[in-house]
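Notes for the structure review
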There are 2 protein chains.
Amino acid sequence: MTDAETATPAALAAKTRVLEPTYEGDFVLPQHLDLESGRILAKPTLHYAVYGRLNAARDNAVLVCHALSGSALVGSWWPEIFAPGAVLSLEHDFVICINMLGSCYGSTGPGSVDPETGLVYGPDFPLVSIRDNVRAQAQLLDSLGIRRLRLVLGGSIGGMQALEWTIHEPERIERAAIIAVAPLCAMGLALNHLQRQAIQNDPDWDGGYYLPQRQPKQGLGLARQIGMLSYKSAELFEERFGRNPNRNGEDPWAQDNQGGGLVGGRFDIGGYLDHQGQRFIDRFDANAYLAILRTMDNWDPLRGGRASEEVFGRIRAKLNFVGISSDWLFPAQSVRQFAQTIRSAGVNADYREMISAHGHDAFLAEQVELVRLLQ
Amino acid sequence: MTDAETATPAALAAKTRVLEPTYEGDFVLPQHLDLESGRILAKPTLHYAVYGRLNAARDNAVLVCHALSGSALVGSWWPEIFAPGAVLSLEHDFVICINMLGSCYGSTGPGSVDPETGLVYGPDFPLVSIRDNVRAQAQLLDSLGIRRLRLVLGGSIGGMQALEWTIHEPERIERAAIIAVAPLCAMGLALNHLQRQAIQNDPDWDGGYYLPQRQPKQGLGLARQIGMLSYKSAELFEERFGRNPNRNGEDPWAQDNQGGGLVGGRFDIGGYLDHQGQRFIDRFDANAYLAILRTMDNWDPLRGGRASEEVFGRIRAKLNFVGISSDWLFPAQSVRQFAQTIRSAGVNADYREMISAHGHDAFLAEQVELVRLLQ
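Residues numbered from 1 in each chain as written. Chains lettered and ligands numbered in written order. Predicted model: local features only at pLDDT ≥ 70, side-chain atom pairs only at ≥ 80, totals over all residues. Heavy atoms only, no water.

1. A word on the overall build of chain A
Applied cut-off: The way it works is that DSSP assigns letters per residue, a run of H or I at least four long becomes a helix, a run of E at least two long becomes a strand, and they are numbered from the N terminus. Here the radius of gyration uses the C-alpha set of atoms, whereas the globule reference equals 2.2 Å times the residue count to the power 0.38. Only protein chains enter the area calculation, which uses a 1.4 Å probe; residues under 20% of their type maximum are buried, those over 50% are exposed, and those in between are partly exposed. Any two residues having at least one pair of non-hydrogen atoms within 4.5 Å are treated as being in contact.
Looking only at helices and strands, one finds 13 helices and 12 strands in chain A. A compact globule built from 375 residues should have a C-alpha radius of gyration of about 21 Å, and chain A, at 21 Å, falls within 12% of that. Counting only C-alpha atoms and orienting by the principal axes, one finds that chain A spans roughly 70 × 50 × 45 Å. With 375 residues in all, chain A has 63% of them scored as buried. Taking all contacts inside chain A whose residues are at least 6 apart in sequence as the whole, residues at least 24 apart take part in 74%.

Encoded structure:
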């Protein structure tokens, strides 16, 4: 959900020094991956990028986990984290970022061919949980000879992965930064439910069995727009767009070309949202989007009434939670409470709040401020 | 946007004493209605309902203005307002409620036949503003011999009409109650923009030229669900649905019937939203929905930089504004600021805040509390 338009001047400046990875490649799991849902994923591929060099002691590794529509190229979407004196150092750290299973940026997802059937998964791609992702990622780190991570960090669904790492692989993690995330609350589940329908209502949806060149574009664009509302804040929208007519000169009072009255000229916020939807359909796949929404929906470490002490009591890492004051997808209060629940299980966990009008997106849009909080 | 499922026990009890109108009928304007948008509406019909009796002095009339998907039958959707000792009295008041132009509940709207062409308007229905509605309604009141209203009141788009009455017909209004409304802010415009697209993306949309029996149902249902998110609050959703699986027994971890993984069982909030969408498509028309969204979008008394003193300085009525603490479609702060702007123009206007977790819908879901505030 990187959104260049929301970047602060500092972040924009940072984008000019986008980092190239030291290496970008694929790791194919040697075995099938048994999924929490009961199904298997046949020898999935993980696409990953690394920045910096692994030292001889192999103790300088950091794992960055990306958000919904992100990629392994963390240097492109989170450059300020690498700024001199910031969170990560290209000189001292070996930074790994792995594309999530289900995505369309290189790892196995709905657009991949199932080696068992020779067919593209499409909508038959199974539910891959956050834990499934962590188990696959752990095998990749094993293959690189990395036993221990000095830090794992991520925002949104990336934060889900970071925390799951500390639960599932407690001995391997020294510290984790978990940003703008908690298990989705009812409002978050509702937003994902609407986005799913937006895609499935598209005339080109075809039950998900569409060809790549015939994506359900309108639906994916609308899903993205619904998402955008939850990534931003009313305050930001008001300041930036207010009730202005669309900047291309459309008039909300005018009738449209066909003389019809029901669809008139757009307001500026409408033009902005349409533009965001359009940008997104050029870079993402509808089935991949659905896959990751489902991964996100189903993450809840305490699912099925598991005891907090049992689940979180395993954690050995030091945890830093960050909530964003204007976030309404993962409200700061939810993040604070979640951190408190984990602390109550005896974990060394603190909570820091980012004061920002940028909403959920602030962890991408205001990177300098995030860096300050994480230092 | 009446929603029985959100009603408090008191409101539910009230619903058992739904009021029948004294009279329900149509008024056809004798002339064309010149619209603010520059077009005309040929001799439109207003469907209305009245409750109680007009007294001999004709000075006991009250006008109630309904919200987006409401009807003239105010006794059915706002019964608690008529409770003994509440805001309105069937013994003393003559209550009129008029279906908005553009609606599908009896007044002229996209589903009506244009007498000029003999064709159903469909998507060619023109933009009808709040002021256009008030001008038409004034002619209906004239025909009933009513010069003056002791009170005009409404919530949401109904409140837009109530305030516009006090601006456009200042000598005719004694008091107005304007509930949970201000000109739509950028977030509100964004929500309407998404709802519009939800309808237009439906395979059955057909540019709006659909037959009544072939509505763009999925799109209208999704539009309603997007709306529901903005009518409720995260707090209410969390309390009522949390992360529970759908109460019909679906399992969010299960694969669906076709074996596909991308669409699994729903959470309870998903089942609830689908149910709300389904209920809505059985009672509303997609073009009518679009028409009223546009009416709502374009309401801004200070449009075009008009001076507040000039526009609001005309008001002679006593105004009571009500904001709802958990409303995020029309945030309480916007309503408070709007009331302040109007007060600054020399108007007798107060602001009261309804403390409720029900969100925007609270003016329908918690009628007893609203009545208390309005007394």
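2. Description of the sheet that holds strand β9 (residues 151-155) of chain A
Hydrogen bonds along the backbone pair up the strands of a sheet, which may run parallel or antiparallel. All names here are of chain A. Stated precisely, the cut-off is as follows: Paired strands are those between which DSSP finds at least two bridges. With axes taken as lines fitted to C-alpha atoms, and helix axes fitted only over the stretch in contact, angles between N-to-C directions fall between 0 and 180 degrees.
Ordered in space as β1-β4-β6-β5-β9-β10-β11-β12, the eight strands form an open sheet in which the pairing is mixed. The outermost strands of the open sheet, each flanked by one partner alone, are β1 (23-28) and β12 (349-354). Recorded for the sheet is a direction-independent mean angle of 20° between the axes of neighbouring strands. In terms of strand pairing, strand β10 (residues 175-179) meets strand β11 (residues 318-324) through five bridges, oriented parallel. From the neighbouring strand, Ile178 faces β11, where its bridge partner is Phe321. Sitting on the sheet, helix α3 (residues 130-143) touches β1, β4 (45-52), β5 (61-65) and β6 (94-98), and the angle it makes with β4 is about 55°.

3. Quick look at the side chain of Asn298 of chain B
Residues and elements named next belong to chain B. Put simply, the test is: Each polar contact in these results corresponds to two N or O atoms within 3.5 Å; when the atoms are within protein, one needs to be able to donate a hydrogen and the other to accept it, and residues that are neighboring in sequence are counted only if both atoms are side-chain atoms.
Tracing the backbone shows Asn298 in the loop between α9 (286-297) and α10 (308-312). Classification of Asn298 by relative accessible area gives buried; the value is 5%. Within the structure, the side chain of Asn298 is placed 3.1 Å from the backbone oxygen of Arg294, a separation counted as a polar contact.

4. A word on the relation of the copies chain A and chain B
Formally: Here the copies are matched by least squares. The fit uses the C-alpha atoms of residues with pLDDT of at least 70 in both.
Once turned by 180° and shifted 0.0 Å along the axis, chain A lies on chain B with an RMSD of 0.0 Å. Accordingly, the operation relating the two chain copies is best matched by a two-fold axis. The position closest to the rotation axis in chain A is occupied by the C-alpha of Pro203 of chain A, lying 2.5 Å away. A shared binding surface is used by both copies, with 100% of the interface residues of chain A retained as interface residues in chain B.

5. Describing unusual backbone geometry
Unlike most non-glycine residues, Asp206 of chain A shows phi in positive territory, near 55°. Among the secondary structure elements, Asp206 of chain A is positioned in the loop between α5 (186-200) and α6 (217-231). When its relative accessible area of 52% is taken as the criterion, Asp206 of chain A is described as exposed. The backbone phi angle of Ser156 of chain B is positive, close to 60°, even though this residue is not glycine. Note that Ser156 of chain B resides in the loop between β9 (151-155) and α4 (157-168).

6. Quick notes on the interface of chain A and chain B
Many authors give the size of an interface as the accessible area that is lost as the parts come together. Here is the rule: Put simply, buried area is the surface a 1.4 Å probe can reach on two separate parts but cannot reach once they are joined, added for both. The term salt bridge refers to a pairing of a side-chain nitrogen on Lys or Arg with a carboxyl oxygen on Asp or Glu at a separation within 4 Å.
Chain A puts 69 residues into the contact, and the matching count from chain B is 69 residues. Across the chain A/chain B interface, buried area totals approximately 5,400 Å², and carbon plus sulfur atoms make up 62% of it. The largest share of the area that chain A buries against chain B comes from Arg243, Trp253 and Leu262 of chain A, three residues that together contribute 18% of it. In this structure, the connection of chain A to chain B is made through two salt bridges. Between Arg243 of chain A and Asp300 of chain B there is a salt bridge, and its shortest N-O distance comes to 3.5 Å. Where chain A meets chain B, there are 25 residue pairs in polar contact (both at pLDDT 80 or more). Where the side of chain A that touches chain B is concerned, the elements lending two or more residues are α5, α6, α7 (234-240), α8 (268-281) and α9 (286-297) of chain A. Looking at which element gives the most residues to the side of chain A that touches chain B, the answer is α5 of chain A, with 11 residues.

7. Looking at the confidence of the model for chain A
Residues and elements named next belong to chain A. Cut-off, in case you're wondering: The pLDDT value tells you how sure the predictor is about a given residue, anywhere from 0 up to 100.
This prediction gives chain A a mean pLDDT of 93; 94% of its residues lie at or above 70. Long-range and interchain partners of residues 1-9, a stretch whose pLDDT sits below 50, account for 42 contacts in this model, where long-range means more than four residues apart. Here the complex is predicted with pTM 0.94, and the ipTM for its interfaces comes to 0.93.

8. Side note on helix α11 (residues 332-344) of chain B
Residue and element names in this part refer to chain B. Heads up, the rule is: To estimate the expected span of a helix, subtract one from its residue number and multiply by 1.5 Å. The directions from the helix axis to the C-beta atoms are what the arc is built from.
Over its 13 residues, α11 extends 18 Å from the first C-alpha to the last, a length consistent with the 18 Å expected when each residue adds 1.5 Å. Here α11 has its buried residues at Ala332, Val335, Phe338, Ala339 and Ile342. Down the axis of α11, the buried set is contained in an arc of 125°. They therefore lie on one face. Looking at the buried positions of α11, the neighbouring elements they touch are α4, α10, β11 (318-324) and β12 (349-354). Gly346 occupies a position one or two residues after α11 and carries a positive phi of about 95°.

9. Thoughts on the sheet that holds strand β4 (residues 45-52) of chain B
Residues and elements named next belong to chain B. Reading across the sheet, the eight strands line up as β1-β4-β6-β5-β9-β10-β11-β12 and stay open at both edges, with mixed pairing between neighbours. At either margin of the open sheet sits one strand with a lone partner, and together these are β1 (23-28) and β12. Pairs of neighbouring strands in the sheet enclose a mean axial angle of 20°, with direction left out of account. Pairing of β1 with β4, which is carried by six bridges, proceeds in the antiparallel orientation. Within the sheet, the bridge partner assigned to Phe27 lies in β4 and is Leu46. Along the sheet, helix α3 (residues 130-143) contacts β1, β4, β5 (61-65) and β6 (94-98); its crossing angle with β4, the most-contacted strand, is approximately 55°. Relative to β9, α4 is tilted by about 150°, and along the sheet it contacts β5, β9, β10 (175-179) and β11.

10. A look at the packing of α3 of chain B against α4 of chain B
The packing of two helices is summarised by the inter-axis angle and the distance between the axes. All names here are of chain B. Rules: In these notes the angle categories are as follows: under 35 degrees is roughly parallel, over 145 is roughly antiparallel, 65 to 115 is roughly perpendicular, and the rest is oblique. Handedness of a helix crossing follows the sense of rotation of the near helix relative to the far helix, less than a right angle counterclockwise being left-handed and clockwise being right-handed. Under the convention adopted here, Pro, Cys and the residues Ala, Val, Leu, Ile, Met, Phe, Trp and Tyr are nonpolar, Asp, Glu, Lys and Arg are charged, and Gly plus all remaining residues are polar.
At their nearest, the axes of α3 and α4 sit 9 Å apart, and the two run at 70° to each other. Viewed along their axes, α3 and α4 adopt a mutual orientation that is roughly perpendicular. In the packing of α3 onto α4, the handedness of the crossing is right-handed. Where α3 approaches α4, its residues Ile130, Arg131, Val134, Arg135, Gln137, Ala138 and Leu141 are matched on the opposing element by Ile157, Met160, Gln161, Glu164, Trp165, Ile167 and His168. Of the residues belonging to the contact of α3 with α4, the class tally is eight nonpolar, three polar and three charged.

11. Details of the side chain of Asn320 of chain B
Residue and element names in this part refer to chain B. Mapped onto the fold, Asn320 is located in strand β11. Overall, the relative accessible area of 2% leaves Asn320 in the buried class. Here the side chain of Asn320 touches Asp350 through a polar contact of 3.1 Å, side chain to side chain. With residues near it in sequence (within four places) discarded, Asn320 still touches Arg175, Ala176, Ala177, Ile178, Asp350 and Arg352.

12. Focus: the environment of Gly145 of chain B
Residues and elements named next belong to chain B. Tracing the sequence through the fold places Gly145 in the loop between α3 and β9. By relative accessible area, Gly145 is classed as partly exposed at 32%. With 91 residues separating them along the chain, Gly145 and Leu54 place their C-alpha atoms 9.7 Å apart.

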